[in-house]
Structure formats: C-alpha cells, structure tokens
Amino acid sequence: MTKDDGKLKLGIPKGSLTEATIKMFAKAGFSIVVSSRSYVPVIDDPEIQPIMLRAQEMSRYVEDGVLDCGITGNDWILENRSDVVKLADLAYAKQSMNPVRWVLAIPEQSSIKSVKDLQGKRIATELVEVTKDYFKKNNVAADVEFSWGATEVKVAANLVDAIVELTETGSSLRAHNLKEIATICTSTTQFIANKKSVRDPKKKKKMDQVIMLLRGAIDAEGKVGLKMNIPAKALPQLLRVLPALRKPTISHLSDEKWVAVETVIEEKLVRKIIPELKEAGAEGIIEYSLNKLIV
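Every chain is numbered on its own, with residues counted from 1 as its sequence reads. Local features in this predicted model are restricted to residues of pLDDT 70 or higher, and side-chain atom pairs are both shown and tallied only at a pLDDT of 80 or more, whereas totals for entire chains, interfaces and linings draw on every residue. The basis for the side-chain values is all heavy atoms of the structure; hydrogens and waters are excluded.

**Side note on the side chain of Thr18**
Here is step 1 of the chain: The topology assignment puts Thr18 in helix 1 (residues 18-28).
Here is step 2 of the chain: A polar contact is formed between the side chain of Thr18 and the backbone nitrogen of Gly15, at a distance of 2.8 Å.
Here is step 3 of the chain: The criterion used for residue contact is that any of the two residues' heavy atoms lie within 4.5 Å. Residues contacting Thr18, with those up to four places away along its chain left out, are Pro13 and Met52. Strands here are runs of E lasting at least two residues and helices are runs of H or I lasting at least four, both read from the DSSP assignment and numbered beginning at the N terminus. For this analysis, a polar contact is any N or O atom pair within 3.5 Å, provided that within protein one partner can donate a hydrogen and the other can accept it, and provided that sequence-adjacent residues contribute only side-chain to side-chain pairs.

**Structural notes on the sheet that holds strand 14 (residues 249-252)**
Here is step 1 of the chain: Any two strands between which DSSP finds at least two bridges are classified as paired. Strand order across the open sheet formed by 4 strands is 14-15-13-16, with antiparallel pairing between neighbours. Since the sheet does not close on itself, it has two edges, and those belong to strand 14 and strand 16 (283-289), each with one partner. The mean angle between the axes of side-by-side strands here comes to 15°, regardless of whether they run parallel or antiparallel.
Here is step 2 of the chain: Here 4 bridges tie strand 14 to strand 15 (residues 258-266), and the two strands are oriented antiparallel to one another. Considered in strand 15, the bridge of Thr249 is made with Glu262. Lines are fitted to the C-alpha atoms to define the axes, a helix being fitted only along its stretch in contact, and any angle between axes, read from their N-to-C directions, falls within 0 to 180 degrees.

**What to know about the environment of Ala88**
Here is step 1 of the chain: If you trace the backbone, Ala88 turns up in strand 6 (residues 85-89).
Here is step 2 of the chain: Sequence-wise, Ala88 and Met212 are 124 residues apart; in three dimensions their C-alpha atoms are separated by 9.5 Å.
Here is step 3 of the chain: If sequence neighbours within four positions are ignored, Ala88 has contacts with Thr189, Gln190, Phe191, Ile211 and Arg215.

**Description of the pattern of salt bridges**
Here is step 1 of the chain: Salt bridge criterion: a side-chain nitrogen from Lys or Arg within 4 Å of a carboxyl oxygen from Asp or Glu. The tally for this structure, following the rule as stated, stands at 16 salt bridges.
Here is step 2 of the chain: Here Glu145 makes a salt bridge to Arg122, at a shortest N to O gap of 3.5 Å. Taken together, the residues span a long stretch of sequence, with Glu145 in strand 9 (residues 143-146) and Arg122 in strand 8 (residues 122-125) at a distance of 23 residues.
Here is step 3 of the chain: For Glu145, a relative accessible area of 24% puts it in the partly exposed group. Per-residue accessibility, obtained with a 1.4 Å probe over protein chains only, is compared with the maximum for each type, and a residue is labelled buried under 20%, exposed over 50%, and partly exposed between these values.

**Observations regarding the side chain of Asp75**
Here is step 1 of the chain: With respect to the helices and strands, Asp75 occurs in helix 3 (residues 74-79).
Here is step 2 of the chain: Lacking a salt bridge, the buried Asp75 has Lys86 as its closest oppositely charged neighbour, with an N-O distance of 9.5 Å.
Here is step 3 of the chain: Reaching out from Asp75, the side chain makes a polar contact with the side chain of Trp102 at a distance of 2.7 Å.
Here is step 4 of the chain: Setting aside its immediate chain neighbours within four residues, Asp75 contacts Trp102, Leu127, Val130, Leu166, Cys185 and Ser187. In summary, the charge assignment counts Lys and Arg as positive and Asp and Glu as negative, without counting His or the chain termini.

**Concerning helix 2 (residues 55-64)**
Here is step 1 of the chain: Of all the positions in helix 2, only Ala55, Gln56, Met58, Ser59 and Val62 are classed as buried.
Here is step 2 of the chain: Where helix 2 is buried, its residues meet strand 1 (8-14), strand 4 (48-54), strand 5 (69-73), helix 3 and strand 12 (189-193).

**Focus on the packing of aromatic side chains**
Here is step 1 of the chain: Centre distance within 6.5 Å is the pairing criterion for rings of Phe, Tyr and Trp, where only the six-membered ring of Trp is used; planes under 30 degrees apart are then read as stacked, over 60 as edge-to-face, and the remainder as tilted. All chains considered together, the criterion is met by 4 aromatic pairs.
Here is step 2 of the chain: Aromatic side chains Phe146 and Trp148 sit 4.8 Å apart centroid to centroid with 85° between the ring planes, which places their arrangement in the edge-to-face category.
Here is step 3 of the chain: For Phe146, a relative accessible area of 38% gives the class partly exposed.
Here is step 4 of the chain: Exposure remark for Trp148: the relative accessible area of 79% places this residue in the exposed category.

**Remarks on the domain arrangement of the protein chain**
Here is step 1 of the chain: A domain assignment, automatic or from a database, supplies the domain bounds used here. Here the protein chain is described as being made up of domain 1 (8-96 + 189-220), domain 2 (100-185) and domain 3 (223-289).
Here is step 2 of the chain: Between the C-alpha centres of domain 1 and domain 3 there is a distance of 38 Å.

**Here's the deal with the nonpolar core**
Here is step 1 of the chain: Put simply, a nonpolar core is a bunch of buried Ala, Val, Leu, Ile, Met, Phe, Trp, Tyr and Cys residues held in one set by side-chain atoms that sit within 4.5 Å of each other. Core analysis: the biggest nonpolar cluster contains 23 residues, and Phe25, Leu90, Phe191 and Leu214 have the highest contact counts within it.
Here is step 2 of the chain: Going through the elements one at a time, strand 1, helix 1, strand 4, strand 5, strand 12 and helix 8 (201-220) are the ones with two or more residues in this core.
Here is step 3 of the chain: In terms of residue count, the dominant contributor to this core is helix 8 (6 residues).
Here is step 4 of the chain: With near-sequence residues (within four places) excluded, Leu214 lies in contact with Met24, Phe25, Ala28, Leu90 and Phe191.
Here is step 5 of the chain: By size, the runner-up hydrophobic cluster in this structure holds 21 residues, among which are Tyr134, Phe135, Val144 and Ala162.

What follows is the structure, encoded as structure tokens:
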C-alpha cells in the first residue's frame, strides 16, 4: 500500500472509458494529461493524484485502500465482489458512458431457445462470476469459462455454445450472426470510494466537490442557454412557448417597456423554438453552450 501523502488518489479507467472520462473531467474544469508511456496522468489540481487502471481492476484497489476513489462500471464491482461505497452514478450518454448491458448470446441458427437449454453447455465471457450467479439463479448447471477477448468468434468456431458479452446497440452481435436471448445485467459508470477514505473529512469533502462538478458537466450535456429581450406586454405569450429548467430568469431593462429573459433548454429544441420566440416578439436572441449546470 502506498504512503498517504494527503492527496486524493483517484483511479482513472484505462481503456474504452479513458477518453470519455477525460472529456467529462475537462467539462467539469479539470485538465488531465495522459502519457502513452505512463500510468500516472497529470492533473491541474494539487490535491488530486490520478492513477490509471483498467476498469476491471478498479474496485479491488479502491476496496484495498490503494486508491481513495475511482471510476468504473457497476459490472466490475459485482464481478470482483468489492465492498466499496458508490458515491455517484455517472451515466454520460453522449460520451459513451451510458448504461450498457451484458447479454447472453447464441448463434442465430442455434436450436437453443432459452437459458434452460444451456444445461451442461459451455459459455465464454469476461464476466465470469456474475454469469455464474445468473445461471445458479436459473438453476442451470453450465460450464462458464473466462475469455481473454474475441469472444464472439468462439461461437462461430464452435469452441463454445454461447457467450456473455457487453453490448450497447447490439450491432457487434449482429455482425457476428449472434442473437441475444437474455440480459445478464445492466451496468452504469460509478464513482466509487474506499470506506476509510469516506470517513476522512478532508478527502470526503474533496470527493464531494469533484462529484458536484462532474454532475454539473453531465447535467449540462445536450443543453444550451438562451438569452433574449422582449416587450413586457408580450412576455405572457413568450412564457407559454418557452420551456425552462425550472423558471426563466426575467429582469427589467432601462427601458421599462422591455424585459430580458434567460433560460436553459434542450439543444434539440432550439431550431423549433427560436422561430416561435421571434414570432412572440423576442429580439436579440443569443444561444450559448454550457459546460456545467449545477442545480
């Protein structure tokens, strides 16, 4: 175990979540630089020491106290049987941190119809323990073996009868002429912490601050701000067509006959609503992007 120097030791997932995680931190206000030759990234916050680890291993090192906290999938927490504190769900759809599913898949032409038909069969997966739990729950005795990769190919080569694989859209399964017959589990990206670190007031405060900023970045995704001026007498009509996060901010201008209106809306609504706002009498309409939305 490394010596505690007071810094918050934060695990950054290495692999498919790396780019999305770094982008999310950037929107939250943290710049993380990763070298291809180092597992110790650099962050522009002297109170944080980031360390890169595979998501599959993250929860074990957080539980052991080597890391104070880290980002990983709930699937790997379950797989490792890790006793950690889940502080926040960081589902971040636009940056590939949206919920994913582990599915039980078979060849399209297979005679297997359900999990019951896999009695005595061989299944390959990286998520071994969770898969075993699933079969045990369904009273099916199957041979579940660890797969190092290229799991879909093993079915086509008749090395196994079925696989349990991660999917978001199912396109990879279809490309390999596979079909899913059950969902083993659904997983989202989690900010997890060591129990001892959570009891440390200084570290807990820092984790809470980081999480607040990350949530702000996530909540701002897909939203924009709108500002405009409108005659005060036309305000009721504008408010009928203007969606808002809660209620728009309305302030009077130097000309008492006009007011300024500011609100946050879904970006996908902008092209529809701006013409409606113009028809309602709005002028000087400004659209601006958001990095964080703290509610």
